[in-house]
Amino acid sequence: MEKKISQKTEKKADGCQLSQKCGGCTYQGMTYEKQCKLKQRRTEELLGGFCKVQPIIRMENPYHYRNKVHAVFDRDRKGKPVSGIYQEGTHRVVPVDTCMIEDEKSDAIIVTIRNLLPSFKIKVYDEDTGYGLLRHVLVRRSFSNGQIMVVLVTASPVFPSKNNFVKALLKEHPEITTVIQNVNGRNTSMVLGQKENVLYGKGYIEDTLCGCVFRISSKSFYQINPVQTEKLYAKAIELADLKGTENVLDAYCGIGTIGLIAAAHCRQVAGVELNPDAVKDAVNNRNRNKVENARFFRGDAGEFMVGLANDGQKLDVVFMDPPRSGSTEEFIDAVEQTGAKRVVYISCNPETLARDLQYFEKKGYQAGEAWPVDMFPWTDSIEAVTVLNRKK
Ligand code: SAH
């Protein structure tokens, strides 16, 4: 089996014509085997001094894994619409019709949108003059149930012939379940603006992970590789070694995924998250899955934790999954004060993970083992989950 995969990988590794310009897949031209070896070695360099690093959890079929595809819209020299991604470090758009790591259906929808623009006289936005309407398109697809969300990011709220445009899009892709107009009039590198109009469907999609159903809205963080996410979460739950009696915190909880999956294995869960849209999704997900022992709070994880510690609240297990910048000493100090005996730390940046492990050690926590999980094949990004136990 292993051999088959690596042969296929070698054949396809040179298959991307865009990799030089796009810069997204820094591991292009490398076998999957080699990619995993490099990630293993890097994780060992960073975390090996704290604990044993287990073999990387690989992806069986490391193609088209991205369930979220983003395309920026521009015009070529002749004025024809193009869609793709920014060339690394520039504001030039590299046209992309297909990509070996993106969902194929989502890519096809983006091409259809581009082809429909002229007949609806929809102009793409020009960053320099501020003229034109369509800036970006974002497509999210559930791999578990096929639901598809299309987000059309426009420079102005006025979208002439939007209903007919959506009708034409749905005619080509009846599998789309919701279409949203997001208005971003600012001159910014952020893709999404604040204001949204739902043009078709419910305005969100649902996806199933580890047996729980999750509502995903356009602005919430959601893991982009669901196949590997299930393995990551399952490993995190296993490492937490819950017996059913614990008081658990899910910090940096996003739409509540880890906490809601853990809820079945412990007494109660509290989740904390900064993004208000994600917290709303988390509360809906709690109700949708009828999880009665979970609650979600909006706030900064560090401040929230300090609040708990100052109130004298006790925790048994903490899951934490901070952004690339990692966590804070304030947060870790408060974890220690709540008496938590175990911490399961999920990280998308092993460098900040190593920094935080060092501080955890100072506070009396010993890293048990670390598992790299390959969430982003063909790129150099490393995801890892680590368990820390409080020293007796
Ligand atoms: N555990 C979730 C989300 C992980 S991504 C999942 O697996 O899907 C990290 C999350 O941390 C994002 O949702 C982001 O909005 C949130 N976040 C970033 N800084 C934060 C802070 N200071 N306090 C709380 N949450 C924060």
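Okay, so let's go over this structure. The model shown is predicted, which means the values in this text are computed figures rather than measured ones.

Each value, and the rule that gives it
Residues numbered from 1 in each chain as written. Predicted model: local features only at pLDDT ≥ 70, side-chain atom pairs only at ≥ 80, totals over all residues. Heavy atoms only, no water. Near = heavy atom within 4 Å. Polar contact = N/O pair within 3.5 Å; in protein donor to acceptor, adjacent residues only side chain to side chain. Areas by Shrake-Rupley, 256 points an atom, 1.4 Å probe, with all protein chains shown as cover. Nonpolar A, V, L, I, M, F, W, Y, C, P; charged D, E, K, R; others polar. Pairing = 2+ DSSP bridges. Helix = DSSP H or I, 4+ residues; strand = E, 2+ residues; numbered from the N terminus. Axes fitted to C-alpha atoms, helices over the stretch in contact; angles between N-to-C directions. Contact = heavy atoms within 4.5 Å. Buried < 20%, exposed > 50% of the residue type's maximum accessible area, 1.4 Å probe, protein only. Right-handed = clockwise from strand over helix to strand, strands pointing away. Salt bridge = Lys/Arg side-chain N within 4 Å of Asp/Glu carboxyl O.

### Points about the site of the ligand
Line of reasoning, step 1. Taken together, 16 residues lie around the ligand, and Y233, E273, D300, A301 and D321 are the ones closest in.
Line of reasoning, step 2. At a separation of 2.8 Å, a nitrogen atom of the ligand approaches a polar side-chain atom of D300.
Line of reasoning, step 3. Look at the ligand: alone it shows 570 Å² of surface, and the protein chains cover 86% of it.
Line of reasoning, step 4. Taken together, the residues that form the shell around the ligand break down as eight nonpolar, five polar and three charged.

### A closer look at the sheet that holds strand β7 (residues 178-183)
Line of reasoning, step 1. The seven strands lie next to each other as β4-β3-β2-β5-β6-β7-β8, forming an open sheet whose pairing is mixed. The open sheet is flanked by β4 (93-95) and β8 (195-200), the only strands paired with a single partner. Within the sheet, the average angular offset between the axes of one strand and its neighbour, ignoring direction, is 35°.
Line of reasoning, step 2. Pairing of strand β3 (residues 81-86) with β4 involves three bridges; the strand directions are antiparallel. The residue of β4 that forms the bridge with G84 is P95.
Line of reasoning, step 3. Contacts from helix α4 (residues 104-116) reach β2 (68-75), β3, β5 (134-141) and β6 (148-154), with the element oriented near 150° to β5.
Line of reasoning, step 4. Set on the sheet, helix α5 (residues 162-172) makes contact with β6, β7 and β8; between it and β8 the angle comes to about 55°.

### Digging into unusual backbone geometry
Line of reasoning, step 1. Even without glycine at this site, K290 takes up a positive phi of about 50°.
Line of reasoning, step 2. With respect to the helices and strands, the residue K290 is situated in the loop between α8 (276-288) and β13 (294-298).
Line of reasoning, step 3. Despite not being glycine, W378 shows a phi value in the positive range, around 75°.
Line of reasoning, step 4. Along the chain, W378 turns up in the loop between β16 (365-373) and β17 (383-390).

### Brief notes about the sheet that holds strand β11 (residues 247-251)
Line of reasoning, step 1. Spatially, β1-β16-β17-β15-β14-β11-β12-β13 is the arrangement adopted by the eight strands of the open sheet, whose pairing is mixed. In the strand order of this sheet, the two ends are held by β1 (52-53) and β13, each with one partner.
Line of reasoning, step 2. Note: strand β14 (residues 317-320) against strand β15 (residues 342-347), four bridges, orientation parallel. When the bridges of β15 are listed, M320 appears paired with Y345.
Line of reasoning, step 3. The strands that helix α10 (residues 329-337) touches are β11, β14, β15, β16 and β17; relative to β14, the one it contacts most, it runs at about 160°.

### Points about the pairing of β7
Line of reasoning, step 1. The buried count for β7 comes to six of six residues, which makes it a mostly enclosed element.
Line of reasoning, step 2. Pairing of β6 with β7 involves six bridges; the strand directions are parallel. Opposite L152, over in β7, you have Q181 as the bridge partner.
Line of reasoning, step 3. Once the chain exits β6 it traverses α5 before rejoining the sheet at β7, and the crossover so formed is right-handed.
Line of reasoning, step 4. Note that β7 and β8 share five bridges and pair antiparallel. Bridging from a neighbouring strand, Q181 pairs with N197 of β8.

### Description of the pattern of salt bridges
Here the idea is simple: oppositely charged side chains can pair when their charged atoms come close.
Line of reasoning, step 1. Under the defined criterion, the tally for this structure stands at 15 salt bridges.
Line of reasoning, step 2. We note a salt bridge from D126 to R75, for which the minimum N-O separation is 3.0 Å. Of this pair, D126 sits in the loop between α4 and β5 while R75 sits in strand β2, and the two are 51 residues apart along the sequence.
Line of reasoning, step 3. One salt bridge in this structure joins D333 and K363, with 3.1 Å as the shortest N-O distance. Of the two residues, D333 is situated in helix α10 and K363 in the loop between α11 (350-362) and β16; the sequence distance between them amounts to 30 residues.
Line of reasoning, step 4. Each member of the salt-bridge network shares a partner with another, and the members are R42, E45 and E351.

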